[in-house]
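Tertiary structure, described
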Amino acid sequence: LVSNGSFENGLSGWEVIPGDVAQVSITGLGREGRRAAAIVGSGSSGSPMILAQTRQLTAPEGACFRFSVWSRTRNLDRPLLVWAALIHADGAASPQLVAGNNGGVGPGSSPWQRWVETGRLTQSIVNIRLFAADTGEQPITGTAEIDDIKELAATGLLDGVTTNPSLIMKSGRDFMEVTKEICGL
């Protein structure tokens, strides 16, 4: 459902709110040689730079929701927020799923890594607002690259998976590895 989540069409489909704290551009050095959004901190405080999109998405109470993103950081001095807000009919947003450790991607330097956040809806939603970058108002230095943003809302029709340990053993694969792979679906 994410429009241009891999940034192959530049910033098309994304709302860019320019700010004093950082700048956003598209780089050709993304994951697997593709494009990515590069957020470069200015080291100044002030108005936040936000890169976001709102999508209409209807999902019932109890449905599972999954948000994933790839990121890479270079000399980032504090976490950068990459998150999803699940918006209810009354305009309230909860739960909010934040990718990464320490309340965002970064700090420091890291190679490309995938972040996956999962939650269960406590009430039905009507929209989702994805933030590929939200710098906040505090100064930030360094660079974060964001790529391949995806979200998935379950319909509630599938609530679990039954495994057969003997079939997994016959496959020759490690039982715990296969179980973790299934849980990640």
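Residues numbered from 1 in each chain as written. Predicted model: local features only at pLDDT ≥ 70, side-chain atom pairs only at ≥ 80, totals over all residues. Heavy atoms only, no water.

Quick look at the confidence of the model for the protein chain
Summarising the model, the protein chain shows a mean pLDDT of 83, and 88% of its residues fall at 70 or more. Of the regions scoring below 50 in pLDDT, residues 155-159 engages in 2 contacts with residues more than four places distant in sequence or in other chains. (pLDDT = per-residue confidence, 0-100. Contact = heavy atoms within 4.5 Å.)

Notes on unusual backbone geometry
The omega torsion of the bond from Gly 106 to Pro 107 falls at 0°, within 30 degrees of zero and hence cis. A positive phi angle, near 60°, is found at Phe 7, a position not held by glycine. For Asn 75, which is not a glycine, the phi torsion comes out positive at approximately 55°. Among the structural elements, Asn 75 can be located in strand β5 (residues 64-76). (Helix = DSSP H or I, 4+ residues; strand = E, 2+ residues; numbered from the N terminus.)

Notes on the nonpolar core
Counting residues in each nonpolar core, the largest one holds 35 residues, and the members touching the most others are Ile 39, Phe 67, Ile 146 and Ile 149. Within the residue set of this core, elements represented by two or more residues are β2 (22-27), β3 (36-41), β4 (50-59), β5, β6 (81-87), β9 (125-134) and β10 (143-153). No other element matches β9, which puts 5 residues into this core. Ignoring sequence-local partners within four residues, the contact set of Ile 39 consists of Ala 22, Gln 23, Val 24, Met 49, Leu 80, Ala 133, Thr 135, Gly 142, Thr 143, Ala 144 and Ile 146. (Core = buried A, V, L, I, M, F, W, Y, C linked by side-chain atoms within 4.5 Å. Buried < 20%, exposed > 50% of the residue type's maximum accessible area, 1.4 Å probe, protein only.)

Some details on the packing of aromatic side chains
Each aromatic ring pair is summarised here by two numbers: the centre-to-centre distance and the angle between the ring planes. The tally for this structure, following the rule as stated, stands at 2 aromatic pairs. Ring geometry for Phe 7 and Trp 14: centres 5.2 Å apart, planes at 20°, overall stacked. Classification of Trp 14 as buried rests on a relative accessible area of 8%. Pairing Trp 83 with Phe 131 gives two aromatic rings, centres 4.1 Å apart and planes at 0°, and the pair type is stacked. Of this pair, Trp 83 sits in strand β6 while Phe 131 sits in strand β9, placing them 48 residues apart in sequence. Overall, Phe 131 belongs to the buried group, its relative accessible area being 10%. For the cation-ring pair, Arg 31 lies above Trp 70, with the distance from its terminal atom to the ring centre recorded as 4.1 Å. (Phe/Tyr/Trp six-rings, centres within 6.5 Å; stacked < 30°, edge-to-face > 60°. Lys NZ or Arg CZ within 6 Å of the ring centre and 35° of its normal.)

Points about the pairing of β6
Within β6, 6 of the 7 residues are buried, leaving the element largely enclosed by the surrounding structure. Here β6 pairs with β9 via 6 bridges, running antiparallel. Among the inter-strand pairings, Trp 83 is bridged to a residue of β9, identified as Phe 131. (Pairing = 2+ DSSP bridges.)

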